[in-house]
Amino acid sequence: MYKNILVTGGTGYIGSHTVVELITAGYTPIIVDNLSNSKADVVDRIEKITGVRPAFYPYDINDAESLRKVFSSHKIDSVIHFAGLKAVGESVALPLKYYRNNITGTVTLIEVMKEYQVKSLVFSSSATVYGDPEVVPITEEAKVGGCTNPYGKTKYFIEEILKDVYVSDNSFDIALLRYFNPVGAHESGLIGENPNGIPNNLMPYITQVAIGKRPHLNVFGNDYDTHDGTGVRDYIHVVDLAKGHICALKKLEKEANGVFIYNLGTGKGYSVLDMVKAFSKVLGRPLPYQIAPRRAGDIATCYADPTLAEKELGFKAVYDLEKMCADSWHFQQCLKDEE
Ligand code: NAD
Ligand code: WQD
């Protein structure tokens, strides 16, 4: 049985929710995060939610010497690897920063894991590896690699690197989890997504419009081939997503050796206007929006076939769009109260 789980990127959005679920499930998470996109007080908040304070190291995964200190101090059973940069636009402007941080960082992490004979890994991949899908819902068998930006390519390249690592050493247990669109927040309002600057993603932009920080939402295109012309995505509550990691760990615990690939989504596709409608209902008033031109690089439709994760991991997302909106909104209001 696994006990000590190293969580890289554990103070980030998905990482922090996963640390909460790990503690709830009886594991001992150990966080490594260089705080490039999160704050150290997340550790206090995790303690507030769970009553347990996880070990935290403010280290960079590119720094092998620092990683060795962590592996020497804790007998790590498995690693959940969230650490990475994720801003699509920035990755186009600064590709080398993304290749260095995400790819070299992962290679360094695996090298140190091998030194300490730790061969169990859950990796944060993304639906972005599918590029513009030929068919929806997307199964794990769909073609990968058609990514249009360096961020997406780092996810694809890392998947390939991890497959090669397994070929070279069959004692590895690796889960590649392809997330669809995570939204929502912990219902305590203590942890959630709080991006710096103007949000790129739909949900944080919507909550900032709702709180009055921005005048209206720009809906990027209403001429896609979808039910209302706006882009369709598979939004998944971050708490559901976090629980998916526990399911993946349990799979690796019992079924040793292999590279296992799963979509983590709900299987439902909602458009931008569906989201505006659901959020307006939670808000109790219409969310202001304007139709704007398409955003470069966007695709019309992307949603998961979640069957394999349900069959092999026993994972099924349970929270609906209204709960995703309600928890995102609650988190935004809690942020405002703290200001
Ligand atoms: P996030 O930015 O909130 O969390 C990532 C964390 O990693 C941050 O706390 C950051 O400080 C840390 N980090 C970055 N580089 C590091 C390094 N070199 N060393 C140590 N720590 C480092 O992002 P998130 O939304 O929680 O995403 C987590 C993972 O899931 C990322 O790998 C991301 O690419 C992937 N993912 C995210 C989404 C999404 O829409 N949020 C979708 C699919 C995949
Ligand atoms: C969702 C929909 C937009 C903002 C991105 C990354 C992807 C993944 C998740 C990590 C689209 C529309 C958005 C706005 C809008 N990350 N939109 N107005 O583009 O599906 O995926 O985040 O792996 O790699 O590309 O998510 O939230 O940006 O957009 O109309 O202000 O909302 O056009 O249809 P996306 P998103």
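Residues numbered from 1 in each chain as written. Chains lettered and ligands numbered in written order. Predicted model: local features only at pLDDT ≥ 70, side-chain atom pairs only at ≥ 80, totals over all residues. Heavy atoms only, no water.

Time to look at the nonpolar core. Of all hydrophobic cores here, the largest spans 36 residues; its most connected members are Ile-5, Leu-22, Val-122, Leu-177, Leu-249 and Phe-315. Elements that contribute at least two residues to this core include exactly β1 (4-8), α1 (13-24), α2 (41-50), β6 (173-179), α8 (238-254), β11 (258-264) and α10 (307-313). In terms of residue count, the dominant contributor to this core is α8 (8 residues). In this view, Leu-22 contacts Ile-5, Val-7, Tyr-27, Pro-29, Ile-80, Ile-246 and Leu-249; residues no more than four positions away in its chain are not counted. Of all hydrophobic cores here, the second largest spans 27 residues; its members include Leu-6, Met-113, Val-118 and Ile-174. (Core = buried A, V, L, I, M, F, W, Y, C linked by side-chain atoms within 4.5 Å. Buried < 20%, exposed > 50% of the residue type's maximum accessible area, 1.4 Å probe, protein only. Helix = DSSP H or I, 4+ residues; strand = E, 2+ residues; numbered from the N terminus. Contact = heavy atoms within 4.5 Å.)

Taken together, the 3 strands give an open sheet; going across it, the order is β12-β9-β14, and neighbouring strands pair in mixed fashion. Every interior strand has two partners, whereas the edge strands, β12 (270-271) and β14 (301-302), have only one. Across 2 bridges, the pairing between strand β9 (residues 232-233) and β14 is parallel. Note that in β14 the partner of Arg-233 across the bridge is Cys-302. (Pairing = 2+ DSSP bridges.)

Once that is clear, we can look at the sheet that holds strand β3 (residues 55-57). Spatial strand order, β3-β2-β1-β4-β5-β6-β11: 7 strands in an open sheet with parallel pairing. Either end of the sheet is taken by a strand with one partner, and the two such strands are β3 and β11. For this sheet, the mean angle separating the axes of adjacent strands, direction not counted, is 20 degrees. (Axes fitted to C-alpha atoms, helices over the stretch in contact; angles between N-to-C directions.)

On inspection of all chains with the given rule, the structure shows 21 salt bridges. A salt bridge links Arg-68 to Glu-115; the nearest nitrogen and oxygen atoms lie 2.7 Å apart. Pair noted here: Arg-68 is in helix α3 (residues 64-73) and Glu-115 is in helix α5 (residues 95-115), with a separation of 47 residues, a long-range link. Using a relative accessible area of 24% as the deciding quantity, one classes Arg-68 as partly exposed. Here Arg-294 ties to Asp-223 by a salt bridge, and the two come within 2.9 Å at their closest N and O atoms. With Arg-294 in the loop between β13 (289-292) and β14 and Asp-223 in the loop between β8 (217-220) and β9, the pair connects residues that are 71 residues apart, well separated along the chain. By relative accessible area, which is 45% here, Arg-294 ends up partly exposed. On the basis of relative accessible area, Asp-223 is assigned to the exposed category, the value being 52%. (Salt bridge = Lys/Arg side-chain N within 4 Å of Asp/Glu carboxyl O.)

What follows is about the site of ligand 1. Close to ligand 1 lie 28 residues, the nearest being Asp-33, Asn-37, Ser-38, Lys-86 and Tyr-151. A distance of 2.7 Å separates an oxygen atom of ligand 1 from a polar atom in the side chain of Ser-38. Here an oxygen atom of ligand 1 and a side-chain polar atom of Tyr-151 are 2.6 Å apart. Protein chains shield 95% of the accessible area of ligand 1, which is 810 Å² for the free molecule. Residue assignment for the shell around ligand 1 shows that the elements contributing at least two residues are α1, β5 (120-126) and α6 (150-168). Ranked by residue count, the leading element in the shell around ligand 1 is β5, at 3 residues. Its residues assigned to classes, the shell around ligand 1 shows 11 nonpolar, 13 polar and 4 charged. (Near = heavy atom within 4 Å. Polar contact = N/O pair within 3.5 Å; in protein donor to acceptor, adjacent residues only side chain to side chain. Areas by Shrake-Rupley, 256 points an atom, 1.4 Å probe, with all protein chains shown as cover. Nonpolar A, V, L, I, M, F, W, Y, C, P; charged D, E, K, R; others polar.)

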